[in-house]
Amino acid sequence: MKGVQAVSALVLLLVFCGVSGCGVDEKEQKNLTMTLPSDTPPHTVELLRRVLPKIEAHCPGLVKYWSALEFQQVEPDRPYHVGAGTHLPDWPQVTWLVFQVKDENQLVPGKYRAHGHVCRIGIDADGTALIVPKEPCQSLFFDRPAALADQDFIVDIRD
């Protein structure tokens, strides 16, 4: 079963940008890959497969600055305190995609102050919301100066 799961993870990587093109040329597409560990739970692989096109649509900076990022890990099913004001329950289960922003890169604008940061994108278990903590990471992923100082940015991605 692990072989099937590893193949599923690899397919997930190809689906992320291989099918849609991500708005970049073919040379850049080859760099848009994440290697998921073979023990990534199947429900997490399926969640990512389903939600990655929405992440791409809502987080243009992820694609634009991809070469300035190093994918670190996936953290599935972590409880997360959201609080009031969203469609999410107070403590949803969240899967995190964790990236390191390379210190030495000329791609990410200095005004985003993201160089050297560990940036995370959270996905709730139902695939209805994206969560981006930290102002520099919000600027990077959304490719604009962060609008929310000292708050996690939660994006409703329900269809």
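Residues numbered from 1 in each chain as written. Predicted model: local features only at pLDDT ≥ 70, side-chain atom pairs only at ≥ 80, totals over all residues. Heavy atoms only, no water.

Caption draft 1: How the structure looks around the state of the cysteines. With the rule as written, the count across this model stands at one disulfide. Two residues share a disulfide in this structure: C119 and C137, whose sulfurs sit 2.1 Å from each other. Torsion about the S-S bond of the C119 and C137 cystine: about -75°, corresponding to left-handed handedness. Residue C119 is found in strand β3 (residues 118-124), and its partner C137 is found in helix α5 (residues 135-142); the two are separated by 18 residues along the sequence. For the pair formed by C119 and C137, the shared burial category is buried. (Disulfide = S-S within 2.5 Å. Helix = DSSP H or I, 4+ residues; strand = E, 2+ residues; numbered from the N terminus. Buried < 20%, exposed > 50% of the residue type's maximum accessible area, 1.4 Å probe, protein only.)

Caption draft 2: Representation of unusual backbone geometry within the structure. The backbone of D77 sits at a positive phi, close to 55°, despite the residue not being glycine. With respect to the helices and strands, D77 occurs in strand β1 (residues 69-79). The exposure class assigned to D77 is partly exposed, which follows from its relative accessible area of 32%. The residue D143 is not glycine, and still its phi comes out positive at about 55°.

Caption draft 3: Focus on the pairing of strand β5 (residues 153-156). Residue alternation in β5 divides its side chains into a buried set, F153 and V155, and an unburied set, I154 and D156. Bridge count for strand β4 (residues 129-132) against β5 is four bridges, and the pairing is antiparallel. Within the sheet, the bridge partner assigned to I131 lies in β5 and is I154. (Pairing = 2+ DSSP bridges.)

Caption draft 4: View of helix α3 (residues 42-58). Between its first and last C-alpha, α3 extends 24 Å over 17 residues, near the 24 Å set by a 1.5 Å rise per residue. Of all the positions in α3, only T44, V45, L47, L48, V51, L52, I55 and E56 are classed as buried. (Expected span 1.5 Å × (residues − 1).)

Caption draft 5: Region of interest: the packing of aromatic side chains. The final tally for this structure, using the stated rule, is six aromatic pairs. Seen in terms of ring centroids, F99 and F141 are 6.0 Å apart; in terms of plane orientation they differ by 65°. Their pairing is edge-to-face. One end of the pair, F99, is in strand β2 (residues 93-101); the other, F141, is in helix α5, and 42 residues separate them in sequence. Classification of F141 as buried rests on a relative accessible area of 0%. When the centroid spacing of 4.9 Å and the interplanar angle of 70° are considered together, the rings of F142 and F153 count as edge-to-face. You can see F142 sitting in helix α5 and its partner F153 sitting in strand β5, a full 11 residues away along the chain. One aromatic cluster is present, formed by W66, F71, F99 and F141 through successive ring pairs. The ring of W96 carries the charged tip of R120 above its face, separated from the ring centre by 4.3 Å. (Phe/Tyr/Trp six-rings, centres within 6.5 Å; stacked < 30°, edge-to-face > 60°. Lys NZ or Arg CZ within 6 Å of the ring centre and 35° of its normal.)

Caption draft 6: Seen up close, α5. Counted residue by residue, α5 has seven buried out of eight residues, so it is predominantly covered. Among the residues making up α5, those that are buried are P136, C137, Q138, S139, L140, F141 and F142. At the C-terminal side of α5, D143 shows a positive phi close to 55°.

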